[in-house]
Amino acid sequence: MSSDLQDLYQEVVLEHGKRPRNFREVEGANRRADGYNPLCGDQLTVTLRMDGDVIKDVGFVGQGCAISRASASLMTGAVKELSRADAERLFELVHKLVMEGPEGLDMEALGKLAVLSGVNAFPARVKCASLAWHALRAALEGKESSVSTE
Amino acid sequence: MSGAPFDVARVRADFPILHQEVRGRPLVYLDSAATTQKPQAVIDALVRYYTHDNANVHRGVHALSERSTQAYEGARERIREFINARDTKEIIFVRGCTEAINLVAQSFGRSKVGPGDEVLITAMEHHSDIVPWQMLCQQVGATLKMLPVDERGDLRLEQLEANLTERTRLLAVTHVSNALGTVNPVRDIVKRAHAKGVPVLVDGAQALAHFRVDVQDLDCDFYAFSGHKMFGPTGIGVLYGKASVLESMPPWQGGGDMILTVTMEKTVYNRLPYRFEAGTPDISGAIGLAAAMDYLDTVGLDAISAHDQELLEYGTRALEGVPGLRLFSRARERSGVLSFLMEDVHAHDVGTILDREGVAIRAGHHCAQPLLSCFGVAATVRASLAMYNTHEDIDALVRGLHKVREVFA
Ligand SMILES: Cc1ncc(COP(=O)(O)O)c(C=O)c1O
């Protein structure tokens, strides 16, 4: 396998794609948003339970490719117990990571999400990796509407 | 029309783009349903036109304008001949299949479809043969109905008559499904619709690269297609319409060329086909499309059809040998498309891995979301074939699919 494919489909990514964590609707959710990728018809829904400014629980449901499911799964693990501002900052970091690559980024802050660094070599897949994050942001903003990656 | 035997190596030699490496591998182009590649003859026609003849049409008195007008109108005649229309006034140049359908929806539709009327389409249509009708129906208060498909991907034609009511003003149906490759029996469909007094538009976007189309034999009222899906340039397409139907339709877009005289009080519209060609057309595109038709006839459409069918059968057998692969292209009559999914692997992931192997396919909903939802899926992998594809291309696809299995083991 070519090395950039290996970087894209890292063990952790494949594993999360196959068995996503928090693949459920959050009970007692008070925020929700849909993410939609019109390019392929992939669609997922992120639900949140916020306590004040803090994300107490987060889950997602829907269909998508290995990259979008893995990114969503890793996201749910990373943003739990984060404040809205911290979650937004993490979104910015992940966005930079998949758009521009890991150079100059605070990899420690990214934690497990660093496995998404391989996406950068595949411009056609950036939208897959950011789909759940766009939905998360919409949910945090309290928008009930559907967001699209376009 | 040459009687020479079909020689795929010779055909490939005519398509310069195919002879390149992508990502360090020889290009395997299996995305011709999205757009076909162009033979050198088409590229040369464009270069020749811009090098020697370029001028606006129907305007100048000078030599170049005469030449470009002749070439443009010559292309119209070539196209008339190619699809066997009765008259060049039935050949309207548009941007592509999408624009052709929108023209019919807005001109024919707005004048002939009213509140409570119905437009019938099928569950197999491309979005560009759905949305223009939705827009029309919203504008005039009509109802859009859809003829369903069965589990093989064939139209449920036994339900056709029941769906053609006294309120049906038009039936729009695709000749070949871009998502599955199903070839619909449009000649029979037209006959049955006409028996109920319903005119028919045929979306021919996926047909002309694969087999001969004779619009008089089909007897359809409209036939829409794009140049770029039949080895011609992008930006040019054709709406064929029966003269009697076109004559009864109001103009669509206003502008130069579509008028005879304009005063502040009153405009006199031009005759067919110019009435529907407002503004400076894609002159080089029309010339390039005619060159593509010349090329198709040089290779021979019968030979191309035979090659396409043989390749489709070879591809079907090869894909059926891939473990965990579900093939969706199973209609009674098919052309050019192999649509499938691999167990537990999303179409996008298949597409990315194949791309790294130099194999270009399309992954997604193929602008046919209603059809895919009939099969309970949001996306498929689509390998689509053209005359320049070979057994080796199919073999490369299958090797790539084994690679997918490795990655997702
Ligand atoms: C069946 C069908 N109809 C219509 C279209 C639209 O063609 P264009 O985008 O060239 O207007 C396509 C293109 O994919 C198609 O496959």
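What counts and how
- Residues numbered from 1 in each chain as written.
- Chains lettered and ligands numbered in written order.
- Predicted model: local features only at pLDDT ≥ 70, side-chain atom pairs only at ≥ 80, totals over all residues.
- Heavy atoms only, no water.
- Domains from an automatic or database assignment.
- Contact = heavy atoms within 4.5 Å.
- Buried area = accessible area lost by both parts, 1.4 Å probe.
- Salt bridge = Lys/Arg side-chain N within 4 Å of Asp/Glu carboxyl O.
- Polar contact = N/O pair within 3.5 Å; in protein donor to acceptor, adjacent residues only side chain to side chain.
- Helix = DSSP H or I, 4+ residues; strand = E, 2+ residues; numbered from the N terminus.
- Nonpolar A, V, L, I, M, F, W, Y, C, P; charged D, E, K, R; others polar.
- Pairing = 2+ DSSP bridges.
- Axes fitted to C-alpha atoms, helices over the stretch in contact; angles between N-to-C directions.
- Buried < 20%, exposed > 50% of the residue type's maximum accessible area, 1.4 Å probe, protein only.

1. Here we look at the domain arrangement of chain B
Residue and element names in this part refer to chain B.
- Under the domain assignment used here, chain B contains domain 1 (8–30 + 300–407) and domain 2 (43–297).
- One C-alpha centre belongs to domain 1, the other to domain 2; they are set 28 Å apart.
- The interface of domain 1 with domain 2 comprises 34 residues on the first partner and 32 residues on the second.
- Summing both partners gives a buried area of about 2,700 Å² for domain 1 against domain 2, and 60% of it is carried by carbon and sulfur.
- For the domain 1 face of the interface with domain 2, the top three residues by lost area are L301, S335 and L371, together amounting to 23%.
- Taken together, domain 1 and domain 2 are joined by 1 salt bridge.
- The partner of D154 in a salt bridge is R332, with the nearest N and O atoms 3.8 Å apart.
- There are 18 residue pairs in polar contact (both at pLDDT 80 or more) connecting domain 1 and domain 2.

2. Details of the interface of chain A and chain B
- Contacts between the two partners involve 23 residues from chain A, matched on the other side by 14 residues from chain B.
- Taken over both partners, the interface formed by chain A and chain B buries close to 1,500 Å², and the fraction arising from carbon and sulfur atoms is 56%.
- It is L5, Y9 and C40 of chain A that lose the most area in chain A upon contact with chain B, and together they represent 28% of the buried surface on that side.
- Seen at the junction of chain A and chain B, the total is 2 salt bridges.
- Across the pair R125 of chain A and D349 of chain B runs a salt bridge, and its minimum N-O distance is 2.8 Å.
- Put simply, chain A and chain B have 11 residue pairs in polar contact (both at pLDDT 80 or more) between them.
- At the level of elements, α1 (3–8), α2 (11–18) and α3 (66–79) of chain A are the ones that each hand at least two residues to the side of chain A that touches chain B.
- Sorting elements by how many residues they give to the side of chain A that touches chain B places α1 of chain A first, with 3 residues.
- Classifying every residue of the side of chain A that touches chain B gives 15 nonpolar, 4 polar and 4 charged.

3. Let's talk about the sheet that holds strand β5 (residues 118–122) of chain B
All names here are of chain B.
- Here we have 7 strands laid out as an open sheet, ordered β4-β10-β9-β8-β7-β5-β6, and mixed in their pairing. In the strand order of this sheet, the two ends are held by β4 (91–94) and β6 (143–147), each with one partner. Averaged over all pairs of adjacent strands, the angle between strand axes in this sheet comes to 20°, irrespective of strand direction.
- Bridge analysis of strand β7 (residues 168–174) against strand β8 (residues 200–203) gives 4 bridges, and the strand direction is parallel. Along β8, the bridge assignment pairs A172 with L201.
- Taken strand by strand, helix α3 (residues 63–83) contacts β4, β9 (222–226) and β10 (237–241), and its axis lies near 120° from that of β4.

4. Observations concerning the pattern of salt bridges
- Throughout the structure, instances matching the rule amount to 42 salt bridges over all chains.
- Salt-bridge contacts for K80 of chain A lead to D57 of chain A; the nearest nitrogen and oxygen are separated by 3.7 Å. Here the residue K80 of chain A occupies a position in the loop between α3 and α4 (84–100), and D57 of chain A occupies one in strand β3 (residues 54–63), the gap between them amounting to 23 residues.
- As a salt-bridge pair, E151 of chain B and R156 of chain B come within 3.7 Å of each other at their nearest N and O atoms.
- Assessed through its relative accessible area of 61%, E151 of chain B is described here as exposed.
- Residue classification places R156 of chain B among the partly exposed residues on the basis of a relative accessible area of 27%.
- Each of R78, E81, R212, D294 and D297 of chain B takes part in salt bridges that share partners, so that together they form one network.

5. A closer look at the environment of K18 of chain A
- With respect to the element layout, K18 of chain A can be found in helix α2.
- Taking relative accessible area as the criterion, K18 of chain A reaches 44% and is therefore assigned partly exposed.
- Remark: the alpha-carbon pair of K18 of chain A and G28 of chain A, spanning 10 residues in sequence, is separated by 26 Å.
- From its side chain, K18 of chain A meets the backbone oxygen of A409 of chain B in a polar contact 3.3 Å long.

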